[in-house]
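# Summary of structural features
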Amino acid sequence: QVQLVESGGGLVQAGGSLRLSCAASGHTFSMYAMGWFRQAPGKEREFVGTISWSSTKYADSVKGRFTISRDNAKNTVYLQMNNLKPEDTAVYYCAATWGGGLYSNQGLYNYWGQGTQVTVSS
């Protein structure tokens with residue numbers, strides 16, 4: 001069982017930056033692929049990015065602005081968000097699945113955090 005807790009959300013102006021953190025429980029964090037997803041009001045949850053043991057993959061809408069990294073010693077994955085836009089406003093979720101691939105399909109993730117709100121004002 002893996003428990004995930006996101007933090008770092010908040011209100012920021014367009015063009016600003018935020019860094020989200022996702023802390024995971026357990027002793028095998030390095031063996032999990034981690035994903036970030038988001039859900040805007042009235043919309044379905046969508047893929048943001050994912051990190052495997054050594055690689056990353058991003059949605060086209062965030063490529064070049066968002067960066068995912070992980071610190072296995074701290075059991076934490078990060079989502080650095082730069083040049084934020086109002087359309088980035090959403091609840092952001094981290095998720096975990098066993099394995100070393102890059103998974104954009106949220107159905108492949110077994111564990112989810114509770115989400116953290118990001119609001120970008122224009």
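The structure displayed is predicted, hence computed values, not measured ones.

### Some points on the pairing of strand S8 (residues 76-81)
By the criterion of burial, S8 is predominantly enclosed, with 5 of the 6 residues buried. Strand direction decides the pairing type here: strand S3 (residues 18-24) and S8, joined by 6 bridges, are antiparallel. Paired with leucine 20 across the two strands is leucine 79, which belongs to S8. Note that strand S7 (residues 66-71) and S8 share 6 bridges and pair antiparallel. Counterpart to phenylalanine 66 in the pairing with S8 is methionine 81. The hairpin formed by S7 and S8 contains 4 residues between the paired strands, and asparagine 75 there has a positive phi angle of roughly 55 degrees.

### Brief notes about the sheet that holds S7
Taking strand neighbours across the sheet as the criterion, the 4 strands line up as S1-S3-S8-S7 in an open arrangement whose pairing is antiparallel. Each edge of the open sheet carries a strand with a single partner, namely strand S1 (4-7) and S7. Here the average twist between neighbouring strands, direction ignored, is 15 degrees.

### Concerning a nonpolar patch on the surface
The grouping of Met31, Trp53 and Trp98 at the surface amounts to a nonpolar patch, some 360 Å² of accessible area in total. Along the chain, tryptophan 53 turns up in the loop between strand S5 (46-51) and strand S6 (56-58).

### Considering unusual backbone geometry
In this model, asparagine 75 sits at a positive phi of 55 degrees, which is unusual for a non-glycine residue. In the Ramachandran plot, asparagine 83 falls in the positive-phi region, its phi being about 50 degrees despite a non-glycine side chain. Position of asparagine 83 relative to the elements: it lies in the loop between S8 and strand S9 (90-98). What makes asparagine 83 partly exposed here is its relative accessible area of 43%.

### Some points on the nonpolar core
A general tendency of soluble globular proteins is for nonpolar side chains to be buried together. Within the largest apolar cluster, 33 residues are counted, with the highest numbers of intra-cluster contacts made by Met34, Trp36, Leu79, Met81 and Tyr92. Residue assignment for this core shows that the elements contributing at least two residues are S3, strand S4 (32-39), S5, S7, S8, S9 and strand S11 (116-121). Per element, the largest residue contribution to this core is 5 residues, and it comes from S9. Excluding anything up to four places from it in sequence, methionine 81 contacts Gly16, Ser17, Leu18, Leu20, Arg65, Phe66, Tyr92 and Val118.

### Structural notes on the side chain of threonine 89
Looking at where threonine 89 falls in the secondary structure, it is placed in the loop between S8 and S9. Only 2.9 Å separates the side chain of threonine 89 from the backbone oxygen of proline 86, close enough to count as a polar contact. For threonine 89, the side chain forms a polar contact with the main-chain nitrogen of valine 120, separated by 2.9 Å. With near-sequence residues (within four places) excluded, threonine 89 lies in contact with Ala40, Pro41, Gln117, Val118, Thr119 and Val120.

Rules of the game
Residues numbered from 1 in each chain as written. Predicted model: local features only at pLDDT ≥ 70, side-chain atom pairs only at ≥ 80, totals over all residues. Heavy atoms only, no water. Buried < 20%, exposed > 50% of the residue type's maximum accessible area, 1.4 Å probe, protein only. Helix = DSSP H or I, 4+ residues; strand = E, 2+ residues; numbered from the N terminus. Pairing = 2+ DSSP bridges. Axes fitted to C-alpha atoms, helices over the stretch in contact; angles between N-to-C directions. Patch = residues over 30% accessible without salt bridge, like charges linked within 9 Å, V, L, I, M, F, W, Y side chains within 5 Å. Areas by Shrake-Rupley, 256 points an atom, 1.4 Å probe, with all protein chains shown as cover. Salt bridge = Lys/Arg side-chain N within 4 Å of Asp/Glu carboxyl O. Core = buried A, V, L, I, M, F, W, Y, C linked by side-chain atoms within 4.5 Å. Contact = heavy atoms within 4.5 Å. Polar contact = N/O pair within 3.5 Å; in protein donor to acceptor, adjacent residues only side chain to side chain.

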